[in-house]
Protein chains: 2
Amino acid sequence: MSVAALAELGSLLADQSRSTLLVALMDGRAWTVTELAHHATIARSTASEHLSRLHDAGLVVVEAQGRHRYFRLADNYVAQLVETLGGVQLSTPGSRRHFSKVPPALAHARSCYDHLAGQVAVELYEGLVTSGHLMLSVDLVTITVQGRGLFQSLGVDVSMLERSGRPLVRTCLDWTERRHHLAGGLGAALFQVLIDRRWIRRGRQPRSIVITEAGNCALPRLTGSDRTREDVQNNSALAEILRT
Amino acid sequence: MSVAALAELGSLLADQSRSTLLVALMDGRAWTVTELAHHATIARSTASEHLSRLHDAGLVVVEAQGRHRYFRLADNYVAQLVETLGGVQLSTPGSRRHFSKVPPALAHARSCYDHLAGQVAVELYEGLVTSGHLMLSVDLVTITVQGRGLFQSLGVDVSMLERSGRPLVRTCLDWTERRHHLAGGLGAALFQVLIDRRWIRRGRQPRSIVITEAGNCALPRLTGSDRTREDVQNNSALAEILRT
DNA sequence: GTTACTCTTCGGTCCGCGCCGAAACGTCGG
DNA sequence: CCGACGTTTCGGCGCGGACCGAAGAGTAAC
């Protein structure tokens, strides 16, 4: 699908007069140019031009009858489209260039302070949400009963964590993935579990804190060769857990 | 229904640059002004203005982090909206010319936002229909009981998806095949499953979005040599599933 | 503090296009 | 054929807005 087509469709709807014409046609009946022009309070010639554009785009169809030309919406799909859009409440990047500077191992999995970050972390977090262990409300994430069960079974004392004063569930915008991953007390505990069970493993590098370009992630990281093997284990084991 | 709101939404989408920005955000990730500006090949200031308008309208949300400001689509509903509009086929007379220029790998399999597209996707979708996992009514596609079983067995939580607010089953007109493929929440979930199970695999290219001549497809794509092998696996495995 | 970086705001230019009225085209009735 | 009427095409006007570069505000690292 096409950006150009999207923009074109948008520009068709963008004009107030054209929108008025389309809405007037929403009843499914056919109307003449003059009638529609009068309804939209524009000149006949202007209405004619608008309808011509809508016709070229295939949004309306025309039926000639004598010297009249009756315009109708093309089909139900267009009507549905207009209805959908009308219901909205409004209140290539070719250029990942500086991304190439991020070592793949780093993008794949790393630590962010005391929790896991990177592709693995993002997938993990989203997996926890879609599997119903975490629940997403407006702008708040909470742990579900099911999630409590999961973490308890992993040896995490959730209620203990809750009393620690630190927020249990937090999300953190992942620096490389641009999506959220799990942070907070639960994120830290989970990271510990993953390490303890050897599903992931710290990299060979000294635990130095490297400040990246974006400046916001600390990363004793997973090493290249180990990473792959460890992550496969990680994925399958976690997948199994999430399936519970 | 408000004509004014319709026109305003249209005018937001009408501009090619804004459409490009929105489409770039369709992957659900968050991007900075600079990145988006570069992707749309416009000045940072221009991109900033566009994003500001989109933000005012509530189509995108912004998250400040240090000196960066990350923009994301506001919610799934917006994504659905863009997807719906993008699925409209406008009958632009001159637009069938550049078919031969589509790279074969691209026509064969590619991603379309967050779901699979291309020949493989079209066959897959039609397979799901003929095998009774999806049901086709007048202008509506729904999942059958049998289909629920299939997706559950693939690890997709269908009922969870249904509650997410995003339409579960959508179809999207395939840009190269001119037939429908599966989109919506189910399409996205299926795509994820295919990747997780390594039945398909992202291309070796950096995950850049390449704009084709027709200007219309985002494509972290399957590479040539790998593609074939991976797709064969894909097909047989899927065929087996569909036979169930 | 300084330097470097990102992002927004502000002038100013320029193109697109929505608008109208006049004229041309087509169809119907007399 | 001729006038009446519905519609489309054309020329020209004027506004809105997309665009950029420069300047200003805010943040991060040294």
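1. Quick look at the protein's contact with DNA strand C
Contacts to DNA strand C come from 22 residues, most closely from A:Ser17, A:His50, B:Thr34, B:Ser48 and B:Arg69. When the atoms of DNA strand C within 4 Å of the protein are sorted by group, sugar and phosphate make up 67%. A:Ala43 is positioned with one of its backbone polar atoms (N or O) 2.8 Å from a phosphate oxygen of DNA strand C. One nitrogen or oxygen atom from the main chain of B:Val33 is found 3.5 Å from a phosphate oxygen belonging to DNA strand C. When residues of the surface near DNA strand C are traced back to their parent elements, those giving at least two are α2 (16-24) and α4 (44-57) of chain A together with α3 (33-40), α4 (44-56) and β3 (68-73) of chain B. Ranked by residue count, the leading element in the surface near DNA strand C is α4(A), at five residues.

2. What about unusual backbone geometry?
Unusually for a residue other than glycine, A:Thr41 sits at a positive phi of about 50°. Topologically, A:Thr41 is positioned in the loop between α3 (33-40) and α4.

3. Topic: the protein's contact with DNA strand D
In the vicinity of DNA strand D there are 25 residues, among which A:Thr34, A:Ser48, A:Arg69, B:Ser17 and B:His50 approach most closely. At the protein interface, 67% of the atoms of DNA strand D within 4 Å belong to sugar or phosphate. Contacts to DNA strand D include A:Thr34, whose side-chain N or O atom sits 2.3 Å from a phosphate oxygen. Here B:His50 contributes a side-chain N or O atom positioned 2.3 Å from a phosphate oxygen of DNA strand D. For the surface near DNA strand D, the elements supplying multiple residues, two or more each, are α3, α4 and β2 (68-73) of chain A together with α2 (16-24) and α4 of chain B. For the surface near DNA strand D, the leading source of residues is α4(B), giving five residues.

4. What to know about α2(A)
Residues spaced three or four apart along an α-helix face the same direction, because each turn holds 3.6 residues. For α2(A), the tally of buried residues reaches seven of nine residues, placing the bulk of the element in the interior. All of the buried residues along α2(A) are A:Ser17, A:Arg18, A:Ser19, A:Thr20, A:Leu21, A:Leu22 and A:Ala24. Tucked inside the fold, the buried residues of α2(A) contact α1 (3-14), α3, α4, β1 (60-65) and β2 of chain A together with α1 (3-14) of chain B.

5. A look at the confidence of the model for chain A
Considering every residue of chain A, the mean pLDDT works out to 71; 64% of them sit at 70 or more. Confidence drops under pLDDT 50 across residues 204-236 of chain A; counting only partners more than four residues distant or on other chains, this segment forms 64 contacts.

6. Things to note about α3(B)
Residues and elements named next belong to chain B. Within α3, six of the eight residues are buried, leaving the element largely enclosed by the surrounding structure. Those residues of α3 lying buried are Val33, Glu35, Leu36, Ala37, His39 and Ala40. Those residues of α3 that are buried lie in contact with α2, β1 (31-32), α4 and β3. Positive phi appears at threonine 41, one or two residues downstream of α3, with a value of about 50°.

Conventions adopted
- Residues numbered from 1 in each chain as written.
- Chains lettered and ligands numbered in written order.
- Predicted model: local features only at pLDDT ≥ 70, side-chain atom pairs only at ≥ 80, totals over all residues.
- Heavy atoms only, no water.
- Near = heavy atom within 4 Å.
- Polar contact = N/O pair within 3.5 Å; in protein donor to acceptor, adjacent residues only side chain to side chain.
- Helix = DSSP H or I, 4+ residues; strand = E, 2+ residues; numbered from the N terminus.
- Buried < 20%, exposed > 50% of the residue type's maximum accessible area, 1.4 Å probe, protein only.
- Contact = heavy atoms within 4.5 Å.
- pLDDT = per-residue confidence, 0-100.

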